[in-house]
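# Structural overview
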2 protein chains.
Amino acid sequence: MLSHASRLGFRLLETDGSARLGEVETPHGIIETPVFMPVGTHASVKSLTTEQLKQLGSDARSTQHPAPSTGPRIILSNTYHLMLRPGVDLVEQLGGIHKFMGWDRAVLTDSGGFQLFSLAAIRKIREEGVEFRSHIDGSPYFLSPETSVQIQTRMGVDIAMAFDECPAYGISHAEVEKSMQLTHRWAKRSLAARTTSSLFGIVQGGVHLDLRKRSVEEIAAMDFDGVAIGGVSVGEPKEEMFEVVDYTAPLLPSDKPRYLMGVGTPEDLVNGVAAGIDMFDCVMPTRNARNGTLFTSSGKIQIKNAKYAADDGPLDPECSCVTCTTVSRAYLRHLFMNDEIAALVYNTIHNVSFYLDLMRAIRQAIALNSFAAYREGFLSRLRQEEKT
Amino acid sequence: MLSHASRLGFRLLETDGSARLGEVETPHGIIETPVFMPVGTHASVKSLTTEQLKQLGSDARSTQHPAPSTGPRIILSNTYHLMLRPGVDLVEQLGGIHKFMGWDRAVLTDSGGFQLFSLAAIRKIREEGVEFRSHIDGSPYFLSPETSVQIQTRMGVDIAMAFDECPAYGISHAEVEKSMQLTHRWAKRSLAARTTSSLFGIVQGGVHLDLRKRSVEEIAAMDFDGVAIGGVSVGEPKEEMFEVVDYTAPLLPSDKPRYLMGVGTPEDLVNGVAAGIDMFDCVMPTRNARNGTLFTSSGKIQIKNAKYAADDGPLDPECSCVTCTTVSRAYLRHLFMNDEIAALVYNTIHNVSFYLDLMRAIRQAIALNSFAAYREGFLSRLRQEEKT
C-alpha cells in the first residue's frame, strides 16, 4: 500500500547532510523539527505548572538578546500512567488531555508498550494484547492495539503511538524476531483502530540490523503519519544504539516525521539529528533536575558540589531562562542542600530550557546549512569538557 | 525617652474602628498595611520561584477583572535558619538576602528567638544570650541580642526583629514574668546594636494581661521602628490568644506599625485587623498547600477528597490566581494523588494568593470605612461554612 500524505501535514523544509529541518502541523499548532518533547508522564512535566512550561526556552525567531521565551510546542504523556490515574474515562469527561492540564499545544502519547516493558509489571503478553496489574494497587488491566489507540484517541491527543512490544536487551535474535513480528501484527491492528488522532508506527528489531531493516520495510509500507524507532536506550551500549540509529534512520520514509523514542543526552540529540531524526523525548532533563544534575553550555554540573557554595554567577551565562537570569549558582545550591521544593522547580526550568534551546540552535544550524560544523564544534567542546 | 518618627516612614492613612490603613516605607518599596508576609524560612517561600512569588495575588488598584497580579511587597525570613545554612558570611558576601534570592522588595527577618524556643534545640539560655546546637549537624552556635541584630543587618534586611525569649504556654506567672524581663533587657541591647536596618521591639508576657501591659510600657518607651506582639500562637486556646491580642494591640503606639507574629488563619487575620494590627506572618498558607488543604472563598477544602475527582470547576471561582484561572479541581486532585511536585506549586500559588487577596479586601474595606460590615460578613459566612 502506498503511503498517503501525512494528516499531520509534515513539510520537509531543508536538508543538510542527513539532518532535516521541517514542520509538523497538528490540530494544536505547528511544531518546528528537529524537536525535543518534554515528558509529562502524569499530564504534568514534573515540577512545573503548565504556565511555566509555556515560558521555557527562547524564541527561535527573536532577534532580541536574550530572546523571549516561547516554550515547547509539543509534550509527551503516557497512556499507561493516565489509564491508571486518573483513568481515561475521567480525562475524556474533563474534555481531553489538553483541557485537563490547561495546555493548548500539541500532545503525543506513548502507547503503553514501553511502560509494560520497563515497569516489568505483573503482565502476560498474548497475541490479543497484554494483561497486566497496576503498579499502584494491583488491579487488573488489559491493553491491546485497539484499546491503546482508542484510549489515546479518547484523550484527544494530537499524535498517538502504535501499540508495540519492546524486547529486552540481550535476548536472542530469534526471540527479538518473534517479538518484532508481534509488533508488526499489532501495528496493523493499531492502524485499523485509528480514527481522529494521527498515528505513528514503531520500528523494532533490537540491535540486529537485519531485523531493523525488515521492520522498517513492514512499518514504512503501512499508512502511518510518522515512524518511530523504538526499543533503543534499553540497556545496550551507546555505540550499539547509534549503530542501530545510524543504520535505521536513513531507511525511514523521508516524507514522514521520524521519531527516536526515549533519547537522550544532548550529545544523543545532536547525533540523532545528524542521522536524520526529527523528534525526540526523554526524561533526562526533568529527572536530572530533580537530582541536581544540571546541563550547561560548558558541560554537566552537580549543583550540590561545594565549589558552587559561594558562586554568585548564573548557572549558565549563555542561557536566558528564568533560573539563569534571576538567581545564582550559590542560591541554587543553597535551595538544593536545604531540600527546598523551589530547587526542583528552578533546576527543571533550566534543564528543559537547555534542551529546547539546543534544538533551536540545531534548527538554526540546519537552516544555515552549517549543521556539520555545529555538530563538530559541539562534540569537540564536549570532549574538552570531559578532559577537564 | 520619646519615640522619634520611625525611620520606616510609617503613615497611618485611615482608621475604621480600631482597624488601621497605613503605609510602611522601606528601602525596598512601600508596603500597604494591613499586610500579610509570606514566610520564606530559607530565603525561599516554599515551592515557589522568586519570579512566581512576585506574581501572586491581585493588584489592589486595578479596575480590571480579574485584576492583574502584583505579588507581595514584603516577605519574612529567618535568622536562625539562614545563620546555619548558608551562613551569614555567605549571604553577606553574595550581596545580602535580596540579591541572594533575586528579590527586590522588602524583607523582614525574625531574630531567632522564636526558633530557639520552637525547635527546642539543645540550648542554654543565659543573660548574655543563647548557646545552642544546630538541628542539622549538632555544631555549636551562639545568639545574643547583639549577634542577632548584627546578623540581620549584615544580611541587609529591611526590618530586623529584636532578640527575645518566647516563653512556653502553661508555665507560671512568675516564670513568664522572669522571661519577659529578660526579653526587655535584651530589647535594650538589641536597640543599642541597631545600625542600618530598622528594628522592631517585641512585647511578651504570655497570656497574663498584667504582664502584657507592663511589657508594652517597657517596649513602647524604647526607640523601636515598630512593635510586635510575640509569644502568641504557641499552644494557647484561640480565645486566650485573642484575649491577649484584643487587650494588647490598643495599648501599642499608634504611630508605629504593629505586628502580630506567627498568626494565623484567615479568620485570625480579620480579627487581628479589627484589634488594630498592621502586619502578620504565618506558615499556614504554604504549609497547608503542601498537605493539600486549600483556602477558598467558600471555606477550606481537602483537595484529595474523592468528590473533586471529576470536578472541572476552578479551585476558587472568585480567585484570579494562575491556579484558579488555568486548571481545574480535578487536575489539582490528580496531581496531588500522584505526588506530583507541580501539585505543591499550584497549591502554594493559590493559598498565598488567597491570603494576599484577603488583605487587599481588608484594606479596601477600611478605606471605605466599611470594615465592621466586611468582618461581620466574613465571620458569618465562616459560621455558615462550618455548619455545612
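Residues numbered from 1 in each chain as written. Chains lettered and ligands numbered in written order. Predicted model: local features only at pLDDT ≥ 70, side-chain atom pairs only at ≥ 80, totals over all residues.

## Regarding the overall build of chain A
What chain A contains, in helices and strands, is 15 helices and 16 strands. Taken over the C-alpha trace, chain A has a radius of gyration of 20 Å; the compact-globule value for 388 residues is 21 Å, and the two agree within 12%. Projected onto the principal axes, the alpha-carbon positions of chain A cover approximately 60 × 45 × 40 Å. Going through the 388 residues of chain A one by one, you find that 55% of them count as buried. For chain A, the proportion of contacts with a sequence separation of at least 24, taken over those separated by at least 6, is 68%. (Helix = DSSP H or I, 4+ residues; strand = E, 2+ residues; numbered from the N terminus. Rg over C-alpha atoms; globule rule 2.2 N^0.38 Å. Buried ≥ 20, exposed ≤ 12 C-beta atoms within 10 Å, placed from the backbone. Contact = placed C-beta atoms within 7 Å.)

## Comments concerning the relation of the copies chain A and chain B
Mapping chain A onto chain B calls for a rotation angle of 180° and an axial translation of 0.0 Å; the resulting RMSD is 0.0 Å. One copy is carried onto the other by what is essentially a two-fold rotation axis. Across chain A, the rotation axis passes nearest the C-alpha of Ile 341 of chain A, at a separation of 3.8 Å. The overlap is high: 100% of the interface residues of chain A also sit at the interface in chain B, so the same surface is used on both sides. (Least-squares fit on C-alpha atoms with pLDDT ≥ 70 in both.)

## What to know about the domain arrangement of chain A
Reports often express the size of an interface as the amount of accessible area lost when the parts come together. Residues and elements named next belong to chain A. Domain assignment breaks chain A into domain 1 (11–39 + 73–282) and domain 2 (290–388). Placing the centre of domain 1 and that of domain 2 at their C-alpha centroids yields a distance of 28 Å. Listed per partner, the contact involves 16 residues of domain 1 and 17 residues of domain 2. At the level of elements, strand 1 (11–16), strand 2 (19–26), strand 4 (35–37) and helix 10 (266–275) are the ones that each hand at least two residues to the side of domain 1 that touches domain 2. When residues of the side of domain 1 that touches domain 2 are assigned to their parent elements, the largest contribution, six residues, is made by helix 10. Here the side of domain 1 that touches domain 2 is composed, by residue class, of eleven nonpolar, one polar and four charged. (Domains from an automatic or database assignment. Nonpolar A, V, L, I, M, F, W, Y, C, P; charged D, E, K, R; others polar.)

## Points about the nonpolar core
In globular proteins that are soluble, nonpolar side chains generally tend to be buried together. In terms of nonpolar packing, the biggest core is built from 229 residues, with Phe 200 of chain A together with Phe 200 of chain B touching the most fellow members. Once you skip the residues sitting within four places of it in the chain, Phe 200 of chain B turns out to touch Ile 159, Met 161, Ala 162, Phe 224, Asp 225, Gly 226, Val 227, Ala 228 and Tyr 259 of chain B. (Core = buried A, V, L, I, M, F, W, Y, C linked by C-beta atoms within 7 Å.)

## Some remarks on the interface of chain A and chain B
Listed as interface residues are 35 residues of chain A and, on the opposing side, 35 residues of chain B. Secondary structure elements with two or more residues in the side of chain A that touches chain B: helix 1 (50–54), helix 3 (88–93), helix 4 (97–101), helix 12 (322–326), helix 13 (329–337) and helix 14 (341–367) of chain A. Grouping the amino acids of the side of chain A that touches chain B by side-chain chemistry returns 19 nonpolar, eleven polar and five charged.

## Some words on the pairing of strand 16 (residues 299–302) of chain A
Residues and elements named next belong to chain A. Inspection of the sheet shows strand 15 (residues 293–296) paired to strand 16 by four bridges, in the antiparallel sense. What sits directly across from Thr 293, in strand 16, is Gln 302. Between strand 15 and strand 16, which pair antiparallel one after the other, the connecting turn spans two residues. (Pairing = 2+ DSSP bridges.)

## Focus: helix 13 of chain A
The buried count for helix 13 of chain A comes to eight of nine residues, which makes it a mostly enclosed element. Taken as a whole, helix 13 of chain A has its buried residues at Arg 329, Ala 330, Tyr 331, Leu 332, Arg 333, His 334, Leu 335 and Phe 336 of chain A. Contact partners of the buried residues in helix 13 of chain A: helix 14 of chain A together with helix 4 (97–101) of chain B.

## A closer look at helix 9 (residues 238–248) of chain B
Residues and elements named next belong to chain B. Listing the buried residues of helix 9 in full gives Met 241, Val 244, Val 245 and Thr 248. What you see down the axis of helix 9 is that its buried residues fit within an arc of 95°, all on one side. In this structure, the buried residues of helix 9 make contact with strand 11 (198–203), helix 8 (209–220), strand 12 (226–229), strand 13 (258–260) and helix 10 (266–275). (Arc of directions from axis to C-beta.)

## Focus on the environment of Glu 92 of chain A
With respect to the helices, strands and loops of the structure, Glu 92 of chain A is situated in helix 3. C-alpha separation for the pair Glu 92 of chain A and Met 155 of chain A, spaced 63 residues apart in sequence, amounts to 5.3 Å.

## Brief notes about the environment of Glu 386 of chain B
All names here are of chain B. Inspection of the secondary structure assignment puts Glu 386 in helix 15 (residues 371–387). C-beta crowding within 10 Å serves as the criterion here: with 9 such atoms nearby, Glu 386 is assigned to the exposed category. C-alpha of Glu 386 to C-alpha of Gly 299: the two residues are 87 residues apart in sequence and 8.2 Å apart in space.

## Side note on the pairing of strand 3 (residues 29–33) of chain A
Working note: regular strand, side chains alternate between the two faces of the sheet. Residue and element names in this part refer to chain A. Of the pairings in the sheet, the one linking strand 2 to strand 3 comprises five bridges and is antiparallel in character. The residue of strand 3 that forms the bridge with Val 24 is Ile 31. Hairpin connection of strand 2 to strand 3: two residues between the antiparallel strands.

## Quick look at the sheet that holds strand 6 (residues 106–110) of chain B
Pairing between the strands of a sheet is mediated by backbone hydrogen bonds and can be parallel or antiparallel. All names here are of chain B. The strand order across the open sheet formed by eight strands is 4-14-13-12-11-10-6-5, and the pairing between neighbours is parallel. Of all strands in the sheet, those bounded by a partner on one side alone are strand 4 (35–37) and strand 5 (74–78). Each neighbouring strand pair of the sheet contributes to a mean axis angle of 25°, computed without reference to strand direction. Where strand 5 and strand 6 come together, five bridges link them in parallel fashion. Counterpart to Ile 75 in the pairing with strand 6 is Val 107. This element, helix 8, spans strand 11 and strand 12 of the sheet and lies at about 160° to strand 11. (Axes fitted to C-alpha atoms, helices over the stretch in contact; angles between N-to-C directions.)

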